[in-house]
Amino acid sequence: MRRLGKGIRISRTSRRAAALGITCVLGAGAAAGCGSGASDGRTTLTVGVFGSFGFEEAGLYERYMTLHPDIAVRQTSIQRNENYYPQLLTHLGSGSGLADVQAVEVSNIAEVTATQAGKLVDLGATPGVDRGAFLPWKWAQATDRDGRTLGLGTDIGPQAICYRKDLFARAGLPTDRAAVGRLWAGDWGKYLAAGKRYRAKAPRGTAFVDSASGVMAAVTGSERYRFYDRRGKVVYRTSTTVRNAWRTAARFAASGLTAKLQQFTPAWDQGFANASFATVSCPAWMLGYIQDKAGAAGRDRWDVAAAPRPGNWGGSFLVVPRTGRHTKEAAALAAWLTAPAQQATLFAERGSFPSARAAYALPVVSGARHPYFGDAPIGRIFADAARNVPVQIVGPKDLLIAQNLSDVGMLQVDQKGTSPDDGWEAAVKAIDNALDL
Amino acid sequence: MAPVAGEVSVAAPPGAGYASLRDERRRARRSRRHRRDLRWSPYVFVAPFFTFFAVFGLFPLLYTGWAALHRVELTAPGRREWVGLRNFSRLLDDDFFWNALANTVTIGLLSTVPQLLIALGLAHLLDHRLRGSAFFRVAVLTPYATSVAAATLVFVLLFGRDHGLINWALGLAGLDAVDWQNGDWTSRIAVSTIVVWRWTGYNALIYLAAMQSVPGDLYESAALDGASRWQQFVHVTVPSLRPTILFTCVVSTIGATQLFGEPLLFNGGAGATGGVNHQYQTLGLYLYEQGWVNLHLGRASAIAWAMFLILLVVGAVNWLVARRLTGGGGER
């Protein structure tokens, strides 16, 4: 579950946030000012997040408090979304224990808009929210059928392909990022063909891509229809795009192009450190992760090229529960935190890519380069991808379906050599059990 | 013996008339209070435990049973739809449930049996006069003091397919690398190893404590009869330890039935699936997956109750075995 979310962005700083959360729980009875209430005359607003969102680290709360001297902002954090989300649901169910502003991961947002609409504030009507500033597909994801927008987009995960220049050179492939992008532009089949070229002269002990599941996630992330149809019916079994993504990924496995790893496991981390694979499909938020795991040895070896087709993987929203005592102030805070200028700051400080397209023109975004990845112009690359991401239909159980397809189905095709048909059957069985069909 | 405290205060001052009458009454009151005190204060002392148990043990148990009879989703925990025994009956043809049950039994056996045997051996060694025995006794307990999470993460690295220490050692010995996580049996063995590593020392100390209460003259007479150390172990130590061994068996069985942390963390990528084939998904993991990943609280509650019933059966079997063993041999 973690793999589709931002839960993976666990950083040292979030430990501080967690500590703060604990203090709040312990001091809740005393006037610790952690609940929403007035202390020293100021209104205290709480923001509940998972992992490390970076609002605090980028100094956004500080700035907001300076701008609004009557408001105090506190944050509570739970490290992993798989622990955070069930708790958020129980709190929404009981109507207590909620922060004034809560974060929701993109793969949960459809379920939240479908089942919790009555408990959340319509943020589309909040003063200061400019619908036109957001990417239309991001805006659509948190809007229900009655046109109520229950969540404001924070970051997104536009995708590129990160590749190792040194391995590409040794395998006789181009290393310049524009040429690499042209190698597979427009078609995942060309990515497969590039992989076969790589394999022909591959440096020993290296594979073209980290995992078949990663390929599948990237392909499905670039499709408008995946697991649900327009009317919200589960159609993953018959969806041609899902079957195509499945076949493509299985072909990577069958052709021996993968390092047979599972993403976000210690072995995968070691794969970065030991240069066991040459490419990985990388959403904007993954760059920091790669830098972290590949370490100093990977500096100037990694680079970023455009993906075959623009897609999205991950990203979050802010929602405001109705039970809060200061919903108006909370909505204003959520609107401010997701405004283009603040999203640009968050990108500059933390690398979270803005979902506000109005931010792309700002110099901090448009001019952004990543020193670790050979000074790649990541602002431009990811903004191009983001603008061209299709308006994807996300359904309430997207996460469950994607997770079982990759971790039960594709993983055994990749790692155990199960036939694609058997792997598919195993995944379908697990998904249908999980969906309670 | 009980009324000692009362008697001290009864020492009536020599006085007359009214004062002594008052004393009398006070004394009667005191002794009434005292009797009540004797009678009820033990209950008061144990009350906190039972209050807590009722609130945090019994109530959740009953509530879970109630929830198991409904269709409840975590997206709307307040909305319950009565389904009777449907959640239980569907378990009967739920392949994932039976798979989890089989895995739980397999991993339980793979971990409990070696764990108790090794613990017995370790305790036997520690029972000898050793230099720095205190150090060794503390040392065997350190795995138990380690958190499951930390231990499991280390073991995940040891059992790694590409860069794991165990496969590296196998390679040195000229053997093929093993894909520990994906194999049906290899993964179960790996998970069991973590359990064995964590609990062996704990059981060893329990055995050691029991061994030290075995009378020394038993060993002396055995030695006089010419029994070797091994024979002493088999014929003196083990029979004397029988109740202790039964106790550790029961505790380990309960632990094995509830196995959760080790298999959960053994798959760092996906959490509760227990491997690509669900090959090491235990009942605890399946319960967690249904409740907190798939958000079906009703179905998860039914699994919880099924586990509880299984434990009751296991407990009954244990009790029968224990009665046979101690009833047959204990009252010599």
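Everything that follows concerns the structure shown earlier in this document.
Predicted model only: the values in this text are computed from it and were never measured.

Asks: What is the right way to look at unusual backbone geometry in this model?
Replies: Note on backbone geometry: most residues besides glycine have negative phi, and most peptide bonds are trans. Residue and element names in this part refer to chain A. The backbone phi angle of lysine 260 is positive, close to 55 degrees, even though this residue is not glycine. Take lysine 260: it is sitting in the loop between α10 (240-254) and α11 (266-273). On the accessibility criterion, lysine 260 (33% relative accessible area) is partly exposed.

Asks: Help me understand the packing of aromatic side chains in this model?
Replies: Between two aromatic rings, the relevant description is the distance of the centres plus the angle of the planes. A full pass over the atoms with the stated rule returns 49 aromatic pairs over all chains. Three or more aromatic residues joined by ring pairs form one cluster here, namely Tyr163(A), Phe168(A), Trp184(A), Trp188(A), Tyr191(A), Tyr198(A), Phe208(A) and Phe252(A). Sitting over the face of the ring of Phe317(A), Lys138(A) holds its NZ or CZ atom 4.1 Å from the ring centroid. A cation sits over an aromatic face here: Arg188(B) above Trp185(B), 4.9 Å from the ring centre.

Asks: In this structure, what is going on with the pattern of salt bridges? I would like to understand it.
Replies: When the charged atoms of two side chains with opposite charge come close together, those side chains can pair. Counted by the stated rule, this structure contains 22 salt bridges over all chains. Two residues, Arg148(A) and Asp144(A), come together in a salt bridge whose shortest N-O distance is 3.7 Å. The pair formed by Arg148(A) and Asp144(A) is uniform in burial state, with each residue classed as buried. In this structure, Asp432(A) and Arg237(A) form a salt bridge, with 2.6 Å as the shortest nitrogen-oxygen distance. Of this pair, Asp432(A) sits in helix α18 (residues 420-435) while Arg237(A) sits in the loop between α9 (212-220) and α10, and the two are 195 residues apart along the sequence. Three or more residues joined by partner-sharing salt bridges are found here, namely Asp436(A), Arg71(B), Arg90(B), Asp94(B) and Arg299(B).

Asks: Quick question: what am I supposed to make of the pairing of strand β1 (residues 70-73) of chain B here?
Replies: Sheet faces and side chains relate simply in a regular strand, where the side chains alternate between the two faces. Residues and elements named next belong to chain B. Pairing between β1 and strand β2 (residues 76-82): three bridges, direction antiparallel. Along β2, the bridge assignment pairs histidine 70 with tryptophan 82. The turn linking β1 back onto β2 is made up of two residues.

Asks: Would you take a moment to explain the interface of chain A and chain B for this structure?
Replies: Often, the extent of an interface is quoted as the loss of accessible area upon association of its parts. If you look at the interface, chain A gives 39 residues, while chain B gives 34 residues. Interface of chain A and chain B: buried area, both sides summed, is about 2,900 Å²; carbon and sulfur atoms make up 49% of it. Of all residues in chain A, Lys416(A), Asn433(A) and Asp436(A) bury the most surface against chain B, accounting for 20% of the area lost on that side. At the junction of chain A with chain B, the criterion picks out five salt bridges. Two residues, Asp436(A) and Arg71(B), come together in a salt bridge whose shortest N-O distance is 3.3 Å. The tally of links between chain A and chain B comes to 15 residue pairs in polar contact (both at pLDDT 80 or more). Within the residue set of the side of chain A that touches chain B, elements represented by two or more residues are α3 (81-94), α4 (106-115), α11, α17 (398-416) and α18 of chain A. Sort the elements by how many residues they give to the side of chain A that touches chain B and α17(A) lands first, with nine residues. Here the residues of the side of chain A that touches chain B are counted per class, giving 14 nonpolar, 16 polar and nine charged.

About the criteria used
Residues numbered from 1 in each chain as written. Chains lettered and ligands numbered in written order. Predicted model: local features only at pLDDT ≥ 70, side-chain atom pairs only at ≥ 80, totals over all residues. Heavy atoms only, no water. Helix = DSSP H or I, 4+ residues; strand = E, 2+ residues; numbered from the N terminus. Buried < 20%, exposed > 50% of the residue type's maximum accessible area, 1.4 Å probe, protein only. Phe/Tyr/Trp six-rings, centres within 6.5 Å; stacked < 30°, edge-to-face > 60°. Lys NZ or Arg CZ within 6 Å of the ring centre and 35° of its normal. Salt bridge = Lys/Arg side-chain N within 4 Å of Asp/Glu carboxyl O. Pairing = 2+ DSSP bridges. Contact = heavy atoms within 4.5 Å. Buried area = accessible area lost by both parts, 1.4 Å probe. Polar contact = N/O pair within 3.5 Å; in protein donor to acceptor, adjacent residues only side chain to side chain. Nonpolar A, V, L, I, M, F, W, Y, C, P; charged D, E, K, R; others polar.

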